[in-house]
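Structural overview for review
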Amino acid sequence: MPAAASVRSALESAFRSAALGGIAALVLAVPLVGLETLDTPQGLGIAMRWDWVAKAVAIIVLGRLIIALWPAIPGTHLRIWVGVGLVTFIAIAADWWNGRPFRVDRLVAGLAVGLVLQAIVALRARFQSRNGREAVRSPAAIRLDRWLAVALIVCAALLPLTPLADRYIIDLGTTILIYVMLGWGLNVVVGLAGLLDLGYVAFYAVGAYSFALLARDFGLTFWECLPLAGFFAAMFGVLLGFPVLRLRGDYLAIVTLGFGEMIRIVLINFQAYTGGPNGVRSIPRPTFFGHPFTDFPEDGQVPFHQLFGIEYATFHRIAFLYYVILGLAALTFLFTERIRRLPVGRAWEALREDEVAARALGINPTNTKLTAFAIGAMFGGFAGAFFATRQGFISPESFTFIESAMVLAIVVLGGMGSQVGVAIAAVVLVVLPELGRGSVAALPGMFPEPAATVVRVALGLLPDFGIDLDLGRIRMLLFGGAMIAIMIWKPRGLLSRRDPSVALKVPVRAASGAGGQ
Amino acid sequence: MEYFVQQSINGLTLGAIYGLIAIGYTMVYGIIGMINFAHGEVFMIGAFIGVIMFTVLGLAGFGPVSVAIILVLLVSMVFTAAYGWTIERIAYRPLRGSFRLAPLISAIGMSIFLQNAVQLLQGARVKPLPAVVVGSIELMHADGFSVSISYIQILIISVTVALMVGLTLLVQRTSLGRAQRACEQDLTMAALVGVNVDRTISFTFVLGAALAAVAGVMVAMYYGVVDFFMGFVAGIKAFTAAVLGGIGSLPGAMLGGLIIGLVEAYWSAYFSIAYKDVAAFSILVLVLIFRPTGLLGRPDVEKV
């Protein structure tokens, strides 16, 4: 086909797809974006937002046009500049549209971001082998990864000792580690065994309430309850999994979804034991193996600071909690790393890849899946017990579907099966809304000076549509969108890739587009 | 006895609504073998569009109620069908032939996305809808307890019956219905004999979404409130209904919906209203243990 004709047909199909997208966006936006229901004293009122509809349609049309034409642009460098140029243009056009003065810093930002991207691409090209990606990475790359993981763990372990650590940082670190642990626990179920668990928070709740109630009614301590919490959560997993895991995988997803909701309803209504919506209060704080973190110990107890002969500080308790969850998370990590190399772990991955073939090899699918489900639940239970002792108060409010969705988003974003990826994803997804407690405009203020300038310059690229973007509020929206986008473009995860646990020693070239099957 | 009859009427109304949503699940499952998790959200969007349209018509001082209801139902069906079509195009079609978990995760992402989009666009608060259809007929009266069926209940049941008849005719008599049945039996074979598979799948989503929209509008009229989270529990119950009836079977979905509706009504009436949602989930688990193919379903044989 002559080049001109092929260009014309590419353009034609791009414009057709853009027009179709525009029409669809218009139809979808008219009722829900264009008309807003307002609460007025006379009942429901209606406000019109046709300008939003116009913006939405414009974004969709432009976006589809770019996506359709993207593969036609030759060369990575040209793509970078076309992309950056477009974003800059949109940002400037949005200013013009809203009647704001022209900002030179948008051009500067475009130039800077483009140069940085080009540098990154050039660097990557240097370090990547000419033949592109291989199915099995070189031993050197895997070693590098392992060293990176060790370095990260050492950094995490040293964090409370550095002068950087204050109450807020350590608290945030603890929250991140809880999600890392939940992510790793769910990763066993979703990533390794390929079972979609939409009610993971239920096991988290079982663990939390097990500890809270055992401590309240029987006076057991955190360390006594921890194994019990994991055991109860695992038992719930077995009870729930047994009937469902015999069936097709999709049923598990909806049953776990229902179970997550059911646990919450039971917790709310079973007031005699769970306290209903009021939750369980005054859950005992963790002690350093019997030595409490308090300035005023009860009779016969030696508080932590006396034991070590140091000044009392509330920071000790926070740091201790941080180390406990770090230890639990590390345990989860090591356990998973080991078990995926054992026969049962290999069986999980075999079942995930092809259930029929795995069965033909003599793997019992129900039992194998059940172990994965129970082990995942157990780690959820551990994390739940920790959550209860950290908060000192739990209520059904903490165990909603949003939590399950968040953990699932961490696993999916991190690359199902990849442990390092899940950890990175947990950090990103917990820190992101934390940064956005204010609005995006406040972002540079969160960083120390040299970084703040970088962020400010990069933000110059962010188009201002006159809609206030609050990252905390749109967090779940972004999660949902990201889950769809990742499944379509990078089903093996955005942040990392999963190496097969067991592979042939001879490197096998992957066919193009290794994602997918 | 009177109490029982009253609960049966309430349960049938509820069951009709669950049945309408369940059809969307069962049709999609029948054809492409996936659970469309976002279907509950489609139902919620239908309800919202209904409330918005009623409010617009009310503010415009639109006259006859019967015309208004038909108009709102049609408008909601059209717009919600557009949502159904778009969801399939964006989230599911690119994943056909991807690995097993991909469409499920994409669907759950779509569900989260839609829920939060509606929350951000329309607000998190419960939206009230003033009663559109008022009044009721007294059927029985005994011991100071009167059994009545309200006009809205009559409306819901009759609209559902009409839609069921229409749907059955559509599936049995038209070429689109024939294509749908062919795809249900064997997607590849249907494509080989010239059925436009993509269009048939799109049509299935459109049809399911339109029925969910009707259910949404009627729930909004029946309870008088909508909120962005309503699709979640309704979706699970409707899915339970589809599984109970035998997933993939249209009459099964309706039957399952009616059973779930009745069980929920009796459960709330005789046991505990707090645990009414637990009842539906328990049924789901019990059905999966004892009769995974459902009441009217065919056994699911996996071929290699």
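Please read these numbers as outputs of a predicted model, since none were measured by experiment. (Residues numbered from 1 in each chain as written. Chains lettered and ligands numbered in written order. Predicted model: local features only at pLDDT ≥ 70, side-chain atom pairs only at ≥ 80, totals over all residues.)

Overview of the overall build of chain B
Check the secondary structure of chain B and you find 11 helices and 4 strands. Since a compact globule built from 304 residues should have a radius of gyration of about 19 Å, the 19 Å found for chain B is in line with a globular shape. Dimensions of chain B along its principal axes, counting C-alpha atoms only, are 65 × 50 × 40 Å. Buried positions account for 51% of the 304 residues belonging to chain B. (Helix = DSSP H or I, 4+ residues; strand = E, 2+ residues; numbered from the N terminus. Rg over C-alpha atoms; globule rule 2.2 N^0.38 Å. Buried ≥ 20, exposed ≤ 12 C-beta atoms within 10 Å, placed from the backbone.)

Some points on the overall build of chain A
When its secondary structure is counted, chain A shows 19 helices and 4 strands. Every one of the 517 residues in chain A was classed for burial, and the buried ones make up 36%. In chain A, once contacts between residues fewer than 6 apart in sequence are set aside, the share between residues at least 24 apart is 76%. (Contact = placed C-beta atoms within 7 Å.)

Considering helix H8 (residues 197-223) of chain B
With 27 residues, H8 of chain B extends 39 Å from end C-alpha to end C-alpha; this agrees with the ideal 39 Å at 1.5 Å per step. For H8 of chain B, the buried fraction is high: 21 of the 27 residues fall into the buried class. (Expected span 1.5 Å × (residues − 1).)

Considering the nonpolar core
Judged by nonpolar contacts, the single largest core of 225 residues is most densely connected at Met181, Ile325 and Ile410 of chain A together with Val214 of chain B. With 17 residues, the top contributor of residues to this core is H8 of chain B. Mapping this core onto the domain boundaries places at least three of its residues in each of domain 1 (1-72) and domain 2 (162-435 + 470-489) of chain A. When sequence neighbours within four positions are dropped, the list of residues in contact with Val214 of chain B reads Leu20, Leu73, Met77, Val159 and Leu163 of chain B. (Core = buried A, V, L, I, M, F, W, Y, C linked by C-beta atoms within 7 Å. Domains from an automatic or database assignment.)

Overview of the confidence of the model for chain A
Residue and element names in this part refer to chain A. This prediction gives chain A a mean pLDDT of 80; 83% of its residues lie at or above 70. Here helix H18 (residues 449-459) stands out as the least confident element of chain A, with mean pLDDT 70; helix H15 (residues 365-391) is the most confident, with 93. Note that pLDDT drops below 50 for residues 130-135; the model gives that stretch 10 contacts with residues more than four away or on any other chain. Contacts of residues 510-517 to residues separated by more than four positions or lying in other chains number 12 contacts, the stretch itself having pLDDT below 50. (pLDDT = per-residue confidence, 0-100.)

Remarks on the domain arrangement of chain A
Domain parsing of chain A yields domain 1 (1-72) and domain 2 (162-435 + 470-489). When each unit is reduced to the centre of its C-alpha atoms, the spacing between domain 1 of chain A and domain 2 of chain A is 40 Å.

Things to note about the interface of chain A and chain B
Counting residues at the interface gives 52 residues for chain A, matched by 59 residues for chain B. For the side of chain A that touches chain B, the element with the most residues is helix H9 (residues 249-269) of chain A, which contributes 14 residues. Looking at the side of chain A that touches chain B residue by residue, the class counts come to 36 nonpolar, 10 polar and 6 charged. (Nonpolar A, V, L, I, M, F, W, Y, C, P; charged D, E, K, R; others polar.)

Some words on the environment of Pro292 of chain A
All names here are of chain A. Mapped onto the elements, Pro292 comes out in strand S4 (residues 291-292). Exposure remark for Pro292: the 18 C-beta atoms within 10 Å place this residue in the partly exposed category. Linking Pro292 and Gly414, residues 122 residues apart in sequence, is a C-alpha distance of 37 Å.

Here's the deal with helix H11 (residues 276-290) of chain B
Counting along an α-helix, one turn takes 3.6 residues, and residues three or four places apart therefore face a common direction. Here H11 of chain B contains 15 residues, and its C-alpha end-to-end distance of 22 Å stays within 8% of the 21 Å for a straight helix at 1.5 Å per residue. Taken together, the buried positions of H11 of chain B are occupied by Ala279, Ala280, Phe281, Ile283, Leu284, Val287 and Leu288 of chain B.

Observations concerning the packing of helix H5 (residues 151-173) of chain B against H8 of chain B
All names here are of chain B. The geometry of H5 relative to H8 is characterised by a closest axis approach of 10 Å and an angle of 175° between their N-to-C directions. Here H5 is positioned roughly antiparallel relative to H8, judged by the angle of their axes. Facing Ile152, Ile156, Val159 and Leu163 of H5, the residues of H8 in contact are Leu211, Val214, Met218, Met221 and Tyr222. Grouping the amino acids of the contact of H5 with H8 by side-chain chemistry returns 9 nonpolar, no polar and no charged. (Axes fitted to C-alpha atoms, helices over the stretch in contact; angles between N-to-C directions. Parallel < 35°, antiparallel > 145°, perpendicular 65-115°, else oblique.)

Comments concerning the pairing of strand S2 (residues 43-48) of chain A
All names here are of chain A. With 6 bridges joining them, strand S1 (residues 35-40) and S2 adopt antiparallel strand pairing. Bridging from a neighbouring strand, Leu38 pairs with Gly45 of S2. As consecutive antiparallel partners, S1 and S2 are separated by 2 residues. (Pairing = 2+ DSSP bridges.)

What to know about the environment of Glu138 of chain B
All names here are of chain B. Turning to its location among the elements, Glu138 is positioned in strand S2 (residues 136-142). Spatially, the C-alpha atom of Glu138 lies 8.4 Å from that of Ser150, the residues being 12 residues apart in sequence. Other than its neighbours up to four places away in sequence, Glu138 contacts Ser146 and Ser148.

As for the packing of helix H9 (residues 230-245) of chain B against H11 of chain B
Residues and elements named next belong to chain B. Put simply, H9 and H11 touch, their axes get as near as 9 Å, and they point 35° apart. Read as a crossing pair, H9 and H11 show a hand that is left-handed. In this structure, H9 contributes Val233, Ile236, Lys237, Thr240, Val243 and Leu244 to the contact, and H11 contributes Asp277, Ala280, Ile283, Leu284 and Val287. Of the residues in the contact of H9 with H11, the class split is 8 nonpolar, 1 polar and 2 charged. (Left-handed = near helix turned anticlockwise from the far one by under 90°.)

Quick look at the confidence of the model for chain B
Residue and element names in this part refer to chain B. Confidence in the prediction of chain B, expressed as mean pLDDT, is 89, and 98% of residues score 70 or more. Mean pLDDT values for the elements of chain B range from 80 in S2 up to 94 in H8. Interface confidence for the predicted complex, expressed as ipTM, amounts to 0.88; the pTM equals 0.85.

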